[in-house]
Every structure is written in structure tokens, then in C-alpha cells.
Amino acid sequence: ATMPPLLSAMANAGRHGVLVKSAVVMERLGQADRVALDKTGTLTEGAPRVTAVRPLPGTGTTEDSLLASAAAAEHPSEHPLARAVVNAAQERGAELSTAEDFSSAPGTGVVATVDGHRIAVGSPSRLLREVPASAAAPAAAVVGELEDDGCTAVVVLRDEVPVGVLGIADRIRRDATETVASLARLTGSSPMLLTGDNPRAAGRLAAEAGITDVRAGLLPQDKADAVREWEQAGHKVLVLGDGVNDAPALAAAHTGIAMGRAGSDLALETADAVVIRDELTTVPTVVALSRAARRLVV
Ligand code: ADP
Ligand code: MG
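The structure presented is a predicted model; accordingly, all values stated were derived computationally and were not measured.

**Digging into the overall build of the protein**
Link 1 in the chain: Within the protein, the secondary structure is distributed over 13 helices and 13 strands.
Link 2 in the chain: By principal-axis analysis of the C-alpha atoms, the protein measures approximately 75 × 35 × 30 Å.
Link 3 in the chain: Out of the 298 residues in the protein, the part that is buried amounts to 52%.
Link 4 in the chain: The long-range fraction of contacts in the protein, counting pairs at least 24 apart against all pairs at least 6 apart in sequence, stands at 61%.

Right, dumping it as C-alpha cells:
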């Protein structure tokens, strides 16, 4: 017997490196008329590196001690930024203390007890908000400098006092620009960027990828709200993401696709399809396969 078009499209998608979880999903992929992309780990390689270690004066912190305590707190996290911090500390030969009472807040950062101190690492806008202005100002100045350089800056707090800032930079995927253009052509609308990162880093990356519509500083729920808004306006939104922070948006979308290699378990479970071969161009390919299969079905 000849295979029904949607089933052979699924098999084809698999050969191109995308696991599509059902025939219904295979059918829906080609219906998308809007695309929302995550930044870190999706448009970027997701292998960011620490490029600046800046202890704040008067805090008794050195570059090595700052990096070591941040890395200890980040160790349990699966976030790409956490891996960057841990790698940087290990490259400097740091022995990492064990983190106790670890918790992470998607889109914000992590907090844990390290050597008897509460160490928080995360988003400057969110963490500095809870610090008195006089203590926040020196940290904010360094954050501004690093963000102007196109870095993602994360602040480190010890017992609620800012002690340093880390600058982290990630490369754009080499097929990001091509993928954005293909998705625009296939869906008839320009893809947009939804990110928890700061507006400067987001804007710079978006410009490189050919994206003009950027929403930055979003929490996971904000990403989902943006998707729901468009769905309620009658659009069929395709969301592409990788992180725990993308799970609500992936769930709210008409179809959600997760990047498999560095993707979090929650994203992979929530998504309707998973990119196994670590290339973004596989996404427009499966959208096109879906459209071709649907032409044969209807
Ligand atoms: P994106 O939407 O680009 O994938 P996220 O929502 O994962 O980004 O993260 C948004 C911001 O939250 C980061 O830029 C960082 O400031 C902060 N953050 C989240 N998780 C961590 C972590 N494990 N360590 C440090 N900062 C973090
Ligand atoms: Mg991400």
C-alpha cells in the first residue's frame, strides 16, 4: 500500500532530522501564519562563553572567587548560561563547593547556599530590583558597559549584596538568518523574537538575524501571553524554543518545536516536534513538507 501523505511526510521529516510527534502535528505545521523564536539556544548556538568577570570594588571579591561561587550556585542548573559559568570556573581550575538549597526561577536565575552564603546569579533587571539603589548602582553601571558590548550580563549577589557581574556572549547560529528568511516566505509574515534577555543583546542579535519585531525582558508567562494574544487574534502561531522558560509558550502555540540537542526535558516533552539534527533550517523544511502533504490530502 502507498503510505498516506501525512505519514510519509512524518517519515521524511524524520530523515531531515525533525521528530514530529503525530500526524495531526504534521498537518498543523504548514498552517502557521506567525512564527515566534526564542533567542538563547534557539537563534544562538546555545554554547555561550563567559567573556568578562567583574568583581565589584569593596566587596572583598576577586575574579576567581566571584566565578567560583557563581559556578557552584549554577552547577545544578541546565540553563546554557549556567553551563557557561561552570565551564569558565573549571577552565580556571576552580574546585566547586557543593550548592545546597538550590532553586531556579526560569527567566530570572538561580539561588543556592554556597559555603554558608546565599549566592544568587541571574538577570540584572530582576535581581537588582530587590537591592537598595545605593548598592545596585555600581553593579548596574558594569551591567550597562557589558550590555553595550553585546553581552548578556548576569549579576552575582552574596547574601543579597551585589558582589560582581559576569559578561556572557553567545554566537548566532550560522543558519539563523537564512532560516528567518525562509520562515517569513513560507508563513507570509516576519518572524518575531521573544526573549528573557535584555533589550540591547536581543536587538543586536535580532538585527543580525533579520528580525525587526523584538520583545525582550520577558518571563516565561509573558512569552506564553504574547503567543495567546496572537492566537486569540486568529493567528496560528509556530513557536520555536529550547528552554524550561519556553515551555508555557510552546504549550500555548498552535504548534511548538523544541531544539533537541541543548533543549531542556520540559521543552522536549511540551513541544509537538523536536529538532534532533541541530540545524535551524530543518524547521522551514518540515513546514514545507507539511504544506506539500496537505495539498495531497485536500
Ligand atoms: P531566552 O529567552 O533568551 O532563552 P531566558 O529566559 O532563559 O533567555 O533567560 C533570561 C534571562 O534570565 C537571562 O538573560 C539571564 O539574565 C537570566 N537567567 C535565567 N536563567 C539563568 C541562570 N541559570 N543563570 C544566570 N542567569 C539566568
Ligand atoms: Mg532559550
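**Topic: the site of ligand 1**
Link 1 in the chain: Lys 39, Thr 40, His 79, Ser 123 and Gly 196 are the nearest of the 24 residues found near ligand 1.
Link 2 in the chain: Of all elements in the fold, only α3 (39-43), α5 (80-91), β5 (109-114), β6 (117-122) and β7 (152-158) reach the threshold of two or more residues within the shell around ligand 1.
Link 3 in the chain: With three residues, α3 is the largest single contributor of residues to the shell around ligand 1.
Link 4 in the chain: Taken together, domain 1 (5-45 + 171-297) and domain 2 (49-169) each give at least three residues to the shell around ligand 1, which thus spans both.

**A short note on the nonpolar core**
Link 1 in the chain: With 96 residues, the main nonpolar core has Ala 70, Ala 73, Val 85 and Ile 119 as its most contacted residues.
Link 2 in the chain: Of the domains in this structure, domain 1 (5-45 + 171-297) and domain 2 (49-169) are the two that each give at least three residues to this core.
Link 3 in the chain: With residues near it in sequence (within four places) discarded, Ala 70 still touches Val 85, Ile 119, Val 121, Val 156 and Leu 166.

**Considerations on the packing of helix α1 (residues 5-16) against helix α13 (residues 282-297)**
Link 1 in the chain: Relative to each other, α1 and α13 sit at 165°, their axes nearing to 9 Å. The angle between α1 and α13 places the two elements in the roughly antiparallel class. As α1 runs across α13, the sense of the crossing is right-handed. Residue-level contacts link Pro 5, Leu 6, Ala 9, Asn 12, Ala 13 and His 16 of α1 to Thr 282, Thr 285, Val 286, Leu 289, Ser 290, Ala 293, Leu 296 and Val 297 of α13.

**Focus: the sheet that holds strand β2 (residues 34-37)**
Link 1 in the chain: Spatially, seven strands are ordered β1-β13-β12-β11-β2-β9-β10 in an open sheet, and the strand pairing comes out mixed. The two strands at the open ends of the sheet, each matched to only one other strand, are β1 (18-20) and β10 (213-215). Pairwise comparison of adjacent strand axes, ignoring direction, gives a mean angle of 20° for this sheet.
Link 2 in the chain: Bridge analysis of strand β12 (residues 255-259) against strand β13 (residues 273-275) gives three bridges, and the strand direction is parallel.

**Here we look at the domain arrangement of the protein**
Link 1 in the chain: For the protein, the domain assignment lists domain 1 (5-45 + 171-297) and domain 2 (49-169).
Link 2 in the chain: Each of domain 1 and domain 2 has a C-alpha centre, and the two are 30 Å apart.
Link 3 in the chain: Each side of the interface is counted separately: domain 1 has 17 residues, and domain 2 has eleven residues.
Link 4 in the chain: If you list the elements that add at least two residues to the side of domain 1 that touches domain 2, you get α3 and α9 (199-209).
Link 5 in the chain: Its residues assigned to classes, the side of domain 1 that touches domain 2 comprises six nonpolar, eight polar and three charged.

**Regarding the packing of helix α4 (residues 63-74) against α5**
Link 1 in the chain: Packing of α4 against α5 leaves a shortest axis separation of 8 Å and a crossing angle of 135°. Judged on the interaxial angle alone, α5 and α4 are oblique. Taken as a pair, α4 and α5 cross one another with a handedness that is left-handed. Contacts from Leu 67, Ala 68, Ala 70, Ala 71 and Glu 74 of α4 reach α5 at Ala 82, Val 85, Val 86, Ala 88 and Ala 89.
Link 2 in the chain: Its residues assigned to classes, the contact of α4 with α5 comprises nine nonpolar, no polar and one charged.

**Considering the pairing of β5**
Link 1 in the chain: Most of β5 sits out of view: five of its six residues are buried.
Link 2 in the chain: Bridging between strand β4 (residues 100-105) and β5 involves four bridges; their strand directions are antiparallel. Bridge pairing links Ser 103 to Val 111 in β5.
Link 3 in the chain: The turn linking β4 back onto β5 is made up of three residues, and Gly 107 within it adopts a positive phi angle of 80°.
Link 4 in the chain: By the bridge criterion, six bridges tie β5 to β6 in an arrangement that is antiparallel. Opposite Ala 112, over in β6, you have Ile 119 as the bridge partner.
Link 5 in the chain: Counting the residues in the hairpin turn of β5 and β6 gives two residues, including Asp 115, whose phi is positive at 50°.

Cut-offs and rules
- Residues numbered from 1 in each chain as written.
- Chains lettered and ligands numbered in written order.
- Predicted model: local features only at pLDDT ≥ 70, side-chain atom pairs only at ≥ 80, totals over all residues.
- Helix = DSSP H or I, 4+ residues; strand = E, 2+ residues; numbered from the N terminus.
- Buried ≥ 20, exposed ≤ 12 C-beta atoms within 10 Å, placed from the backbone.
- Contact = placed C-beta atoms within 7 Å.
- Near = placed C-beta within 6 Å.
- Domains from an automatic or database assignment.
- Core = buried A, V, L, I, M, F, W, Y, C linked by C-beta atoms within 7 Å.
- Axes fitted to C-alpha atoms, helices over the stretch in contact; angles between N-to-C directions.
- Parallel < 35°, antiparallel > 145°, perpendicular 65-115°, else oblique.
- Left-handed = near helix turned anticlockwise from the far one by under 90°.
- Pairing = 2+ DSSP bridges.
- Nonpolar A, V, L, I, M, F, W, Y, C, P; charged D, E, K, R; others polar.

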